[in-house]
Amino acid sequence: MGAQGSRSRWLAFASVVAALTIAVASSDAAQARAKSKHEARPRAIHGPSYHPPYAAIVIDDKSGAVLHDVSANEPRHPASLTKIMTLYLLFEQLEAGTLKLDTVLPVSTRASLQNPTKLGLKPNQTIKVEEAILGLVTKSANDAAVVVAEAISGSEEEFAARMTRKARALGMSGTTYVNASGLPAEAQITTARDQAMLGRAIQHRFPVYYQYFSTPTFRYKGAEMRNHNHLLGNVKGVDGIKTGYTEASGYNLTSSARRDDKHIVAVVLGGTSNGARDARMRQLIEEHIIRAALVRTVPVVAEINDGTDEESPPVLAVAPAASKPDAMGEGDAGAAEGKAEAVPLPRPRVLAATAEENGSKQAANTKSRTRAARLTAKASTSSTPQAVYTLTQSQTRNLDRKPGSFSY
């Protein structure tokens, strides 16, 4: 009887242990699935020896003066700063009317297979142009970049060649593109000076479309994408534009800031972390914007072509003037300067202000694009309107910036 009772107790104990083991294993598996489902994009973990090559520049947009320069002409990897040029070429298509904001773009298998960060697009799915833009400026979506490249040039390789030609037309002599996203590629190089040039050019040429860079969040397929640019809404006067990261490049950032009629564009390449890069950019803005000019004394950045690029006729780099209709569209070029209120902006409005005589034609061209006008407030009836930026305070709270986040 004693032996039988002991055996029964042992069996009962073994059953309890087995049940607990199964429960724990099930719990671990469930937690692993949940973590996999909700886990944020991969985070880089760097030790104290991580020191990507650093470079920086600050340019006064109105005078063209270089206010700060560290290795600004040295070759660096752009990472997702690449997407600024991708968007430049997309904005050209919108300006020309070749594409519209609601144009539906097909997603190829190649686009869907891009490494993170991305929207998670699937083969044979479609995405609207405006959704692609928002995915690029907030999530820094690599799949969306390839969708745009293939839609414009047929292949990412052809689009990259087009990007490089455009870089040359803008005077970016130290930049070569081999992909549309900025994902790691040894041959994809740039300089801090070139990126500052591009950061100025895109807002000079496309003052309306440029405002997408100030988008704080974007909801796609039920998921909310937060802008990787932590300075938006947190540093006075910052209105864009783009972050970037790869292991080789380090943490990159191009910023544009306007205060008290002053405007600077700054670039930091090779930060050791998001926080270190952002802190350095804050420092550069605070130190140098006070030295910026109040009045424009140099022409806006424009393209110079030698006529060999069949995609666009020659354009002279002159002071703001209404551009003639061409393959690149007409329009917003040169209508970039005016008064900007120095308050945070998640989604700026474009208003009218007294400006140079030639501004009126450009503003009229801008108004004719009804889809693009969704980004703007109603213009005043001034006889010489020119697009300028004013900053609203709506949607600037609770941006919930997560430390350590990065983009490719």
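Provided above is the structure to which this section pertains.
(A) The arrangement of the overall build of the protein chain in detail. When you go through the protein chain residue by residue, the secondary structure sums to nine helices and eleven strands. Buried positions account for 51% of the 408 residues belonging to the protein chain. Partitioning the contacts of the protein chain with sequence separation of at least 6, the portion at a separation of at least 24 is 72%.

(B) How the structure looks around the side chain of D60. Mapped onto the elements, D60 comes out in strand β1 (residues 55–60). For the buried D60, which has no salt bridge, the nearest side chain bearing the opposite charge is R200, at an N-O separation of 7.4 Å. One polar contact links D60 to S63, side chain to side chain, over a distance of 2.8 Å. Separated by 2.7 Å, the side chain of D60 and the backbone nitrogen of A293 make a polar contact. Not counting residues up to four positions away in its chain, the partners in contact with D60 are A65, L67, H263, I264, A292 and A293.

(C) Looking closely at the packing of helix α2 (residues 82–96) against helix α4 (residues 129–139). Packing of α2 against α4 brings their axes to within 11 Å, and their N-to-C directions diverge by 160 degrees. On the basis of their axis angle, the class for α2 and α4 is roughly antiparallel. The two elements α2 and α4 meet at a crossing, and its hand is left-handed. On α4, the residues that touch K83, L87, L90, F91 and L94 of α2 are V129, I133, L136 and V137. Of the residues contributing to the contact of α2 with α4, the split by class is eight nonpolar, no polar and one charged.

(D) Highlighting α2. Its 15 residues give α2 an end-to-end C-alpha distance of 22 Å, which sits within 8% of 21 Å, the value for a rise of 1.5 Å per residue. Positive phi shows up at G97, right after α2, with a value of about 85 degrees.

(E) Representation of the pairing of strand β6 (residues 223–226). Bridge count for strand β5 (residues 217–220) against β6 is four bridges, and the pairing is antiparallel. For T217, the partnering residue across the bridge sits in β6 and is R226. Here β5 folds back onto β6, and the loop between the two strands holds two residues, one of which, K221, carries a positive phi near 55 degrees.

(F) Expanded view of the nonpolar core. Ranked by internal contacts, the top residues of the largest apolar core, which has 60 residues, are M85, Y88, F91, L119, I127 and I133. For this core, the secondary structure elements donating two or more residues are β1, α2, α4, α5 (142–153), α6 (156–169), α7 (192–205), β5 and β9 (262–271). Examining the composition of this core, we find that eight residues originate from one element, α2, more than from any other. Leaving out residues up to four positions away in the same chain, L119 has contacts with I127, G135, K139, A141, D143, A144, F218, Y220 and M225. V58, L232, A266 and I289 belong to the second-largest nonpolar core, a separate cluster that totals 17 residues.

(G) Geometry of the sheet that holds β9. Strand order in the open sheet made by the five strands is β2-β1-β9-β8-β7, with antiparallel pairing throughout. Of all the strands in the sheet, just β2 (66–70) and β7 (238–246) have a single pairing partner and so form its edges. Taken over all neighbouring pairs, the strand axes of this sheet differ in orientation by 5 degrees on average, direction set aside. Looking at chain direction, strand β8 (residues 250–259) and β9 are connected through eight bridges and run antiparallel. By the bridge assignment, S255 is partnered in β9 with A266. Contacts from helix α8 (residues 274–288) reach β1, β2, β7, β8 and β9, with the element oriented near 30 degrees to β8.

(H) Layout of unusual backbone geometry. That bond from P116 to T117 is cis: its omega, 5 degrees, falls within 30 degrees of zero. Note on placement: T117 falls in the loop between α3 (109–112) and β4 (126–128). Following G240, the chain continues to I241 via a peptide bond in cis, the omega torsion being 10 degrees. A positive phi angle, close to 50 degrees, is found at S71, a residue other than glycine. Backbone geometry at A79 places phi at a positive 55 degrees, although glycine is not the residue there. Tracing the sequence through the fold places A79 in the loop between β2 and α2.

(I) Examining α4 more closely. Across the eleven residues that make up α4, a large majority, ten, are buried. By the burial criterion, the buried members of α4 are V129, E130, A132, I133, L134, G135, L136, V137, T138 and K139.

(J) Spotlight on the side chain of E303. Mapping E303 onto the fold places it in the loop between α8 and β10 (349–352). Separated by 2.7 Å, the side chains of E303 and Y88 make a polar contact. Separated by 3.0 Å, the side chains of E303 and K166 make a polar contact.

(K) Just the pairing of β2, in detail. Both β1 and β2 contribute to a ladder of four bridges, which runs antiparallel. What sits directly across from I59, in β2, is V66. A loop of five residues connects β1 with β2, the two strands running antiparallel in sequence, and G64 in this loop sits at a positive phi of about 80 degrees.

(L) How the structure looks around the packing of α2 against α5. Close contact between α2 and α5 brings their axes to 10 Å; oriented N to C, the two are set at 40 degrees. Relative to α5, α2 is oriented oblique. Relative to α5, α2 is oriented so that their crossing is left-handed. The residues of α5 that touch α2, namely those facing K83, T86, L89, L90 and Q93, are N142, A145, V148 and I152. Looking at the contact of α2 with α5 residue by residue, the classes come out as five nonpolar, three polar and one charged.

Definitions and limits used
Residues numbered from 1 in each chain as written. Predicted model: local features only at pLDDT ≥ 70, side-chain atom pairs only at ≥ 80, totals over all residues. Heavy atoms only, no water. Helix = DSSP H or I, 4+ residues; strand = E, 2+ residues; numbered from the N terminus. Buried < 20%, exposed > 50% of the residue type's maximum accessible area, 1.4 Å probe, protein only. Contact = heavy atoms within 4.5 Å. Lys, Arg positive; Asp, Glu negative; His and termini not counted. Salt bridge = Lys/Arg side-chain N within 4 Å of Asp/Glu carboxyl O. Polar contact = N/O pair within 3.5 Å; in protein donor to acceptor, adjacent residues only side chain to side chain. Axes fitted to C-alpha atoms, helices over the stretch in contact; angles between N-to-C directions. Parallel < 35°, antiparallel > 145°, perpendicular 65-115°, else oblique. Left-handed = near helix turned anticlockwise from the far one by under 90°. Nonpolar A, V, L, I, M, F, W, Y, C, P; charged D, E, K, R; others polar. Expected span 1.5 Å × (residues − 1). Pairing = 2+ DSSP bridges. Core = buried A, V, L, I, M, F, W, Y, C linked by side-chain atoms within 4.5 Å.

Coordinates in, geometry out; function isn't part of it.
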